[in-house]
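Descriptive structure summary
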Amino acid sequence: MAGEEGYLPLPKGFSTHAIHHDQEPEKWDSMAVVTPLVTSTTFKQYGPADFKKYEYGRSANPTREVLENLLAKLDNGKHGLCFASGLGAQSAILGLLKSGENVISGDDIYGGTNRLFSKVATRFGIETTFVDFLDLSNLEKAIKSNTKMIWIETPTNPTLKVFDIKAVSEIAKKHNIILAVDNTFLTSYLQRPLDLGADITVYSLTKYMNGHSDVIMGALTTNNTKLWEELKFLQNSMGIIPSPFDCYQVIRSLKTLSLRMQQHGKNSLAVAKYLEAHPKIEKVLHPGLPTHPQHELSKKQTSGYCGMVTLYLKGNLDHSKKFLQSLKVFTLAESLGGYESLAELPCVMTHASVPEEQRKILNISDTLVRLSVGLEDIEDTIGDLEQALKQI
Ligand SMILES: *Cc1c(COP(=O)(O)O)cnc(C)c1O
């Protein structure tokens, strides 16, 4: 769980920042305690091209700006930017690259990111090399003179491999390459890639950061002012912005992020321990288990773990289907990180777009089930798994 012995300490003042940063009532003429939801698409000017602060809602919006400043603060960063989705944020980051340049990406990444790199970026002459970052000599070998960016996700989805962000950042710095880290799984509360040397931290806020399964949004944070200016230009020019209402929702959700993440961590570890001892389970992956191959590295670079548990059932595809259809507290659905427990079968759902050959290499088999353990009472969550396992 968060802040457990041996892990990095939890970030100081996190909950206070989440509740108050850039949300002083004095900011607004109304002295509103809750950040106002400003839906206006345009703002009155004193004279032509002479305006107070805002001009047009795509370029900047007061509600969005509070969220952007808050995200930067929570990541211990200087700048934040919000986008229409996690993939929207990633598209803007890809916009930093020119035709003929190369990206080196982790091989075990979110399916949509994989598709963006291999089916969209290629149309603009940007090639991606996929490598396994568990062995960093793979990275050193893959770096070419045209490599502009390194992209990692840690822990990975769905096999929960953990990569050494600091070690990767040292290699990136040596070669003057931008390092972007997808921090969707752990959130600013449990892992701070900028502190570990990343240039850009990127999020699907859709998952834990919003945590209520009712907003699709993305974001990035950075300490590099030049990169931020370029990315802000791309955010406006490409038009990949979120709605003010969704920003208002995420500001609200972040106030309970620390509480939610602590409980997700407790619940997921209890589930992982229960499953590890069950005779119908082949294997369980959870970075908080001492049996996880990168358990020690996890402690060194994070303050805990989230609600994700990956398990391999004994049996075949039919067993997996029967198990998933028998669950009652867990909902059979894609996505993750909400207060409700979800379960899914990556080989035919979230990772169906990954070619079968690559799925084999990554060990995404027919019996690999991904759980996003929510905030229900743990007796009910484990009870549900128990009754579903009896059905197979
Ligand atoms: C969901 C997800 C994304 C994509 O985010 P969207 O908000 O759905 O566009 C990217 N990375 C990870 C790790 C994700 O889980």
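Per chain, the residues get numbers from 1 upward, laid out in the order the sequence is written. Where totals are concerned, whole chains, interfaces and linings use all residues; where local detail is concerned, this predicted model gives features only for residues with pLDDT of at least 70, and gives and counts side-chain atom pairs only at 80 or more. Each side-chain value is worked out from all heavy atoms of the structure, with water and hydrogens disregarded.

1. Some words on the site of the ligand
Close to the ligand lie 13 residues, the nearest being Gly86, Asp182, Ser204, Thr206 and Lys207. Gly86 is positioned such that a nitrogen or oxygen atom in its backbone is 2.9 Å from an oxygen atom of the ligand. The contact in question runs from an oxygen atom of the ligand to an N or O atom on the side chain of Thr206, over 2.7 Å. Calculation of accessible area relied on Shrake-Rupley with a 1.4 Å probe; when residues are assessed, cover is drawn exclusively from the protein chains displayed. Computed on the free molecule, the ligand has an accessible area of 380 Å², of which 93% lies beneath the protein chains in the complex. Under the DSSP-based scheme used, a helix requires at least four consecutive residues in state H or I and a strand at least two consecutive residues in state E, with every element numbered from the N terminus. With 3 residues, helix H3 (residues 86-94) is the single largest residue contributor to the shell around the ligand. By the convention adopted, Pro, Cys, Tyr, Trp, Phe, Met, Ile, Leu, Val and Ala count as nonpolar, Lys, Arg, Asp and Glu as charged, and the other residues, Gly among them, as polar. Looking at the shell around the ligand, its residues break down into 4 nonpolar, 6 polar and 3 charged. We call a residue near a molecule or strand when any one of its heavy atoms sits within 4 Å of it. For the purposes of these results, a polar contact is taken to be a pair of N or O atoms within 3.5 Å, where, inside protein, one atom must be able to donate a hydrogen and its partner to accept one; residues adjacent in sequence count only when each atom of the pair is a side-chain atom.

2. What to know about the domain arrangement of the chain
Accessible area lost upon the coming together of the parts serves often as the stated size of an interface. The domain limits used here are those given by an automatic or database domain assignment. Domain parsing of the chain yields domain 1 (14-254) and domain 2 (257-389). Inter-centroid distance (C-alpha atoms) of domain 1 to domain 2 is 26 Å. Residue contacts follow a heavy-atom distance rule, with two residues in contact if any of their heavy atoms lie within 4.5 Å. Taken together, the contact pairs 36 residues of domain 1 with 40 residues of domain 2. Each partner contributes to the roughly 3,200 Å² buried at the junction of domain 1 and domain 2, and carbon and sulfur atoms together form 58% of this total. Whenever Lys or Arg places a side-chain nitrogen within 4 Å of a carboxyl oxygen from Asp or Glu, that contact is recorded as a salt bridge. In this assembly, domain 1 and domain 2 are joined by 1 salt bridge. The partner of Lys300 in a salt bridge is Asp164, with the nearest N and O atoms 3.9 Å apart. Buried area is a sum: the accessible area each of two parts loses on coming together, probed at 1.4 Å, counted once for each and added.

3. So, the UniProt feature "modified residue: N6-(pyridoxal phosphate)lysine" (unreviewed entry) in the chain
UniProt positions are given in the numbering used here, feature names are shortened, and annotations may be inferred rather than shown by experiment. As recorded in UniProt, the feature "modified residue: N6-(pyridoxal phosphate)lysine" (unreviewed entry) lies at Lys207. Take Lys207: it is sitting in the loop between strand E8 (200-204) and strand E9 (218-222). Setting aside residues up to four positions removed in sequence, Lys207 forms contacts with Tyr110, Thr184, Ser335, Leu336 and Gly337.

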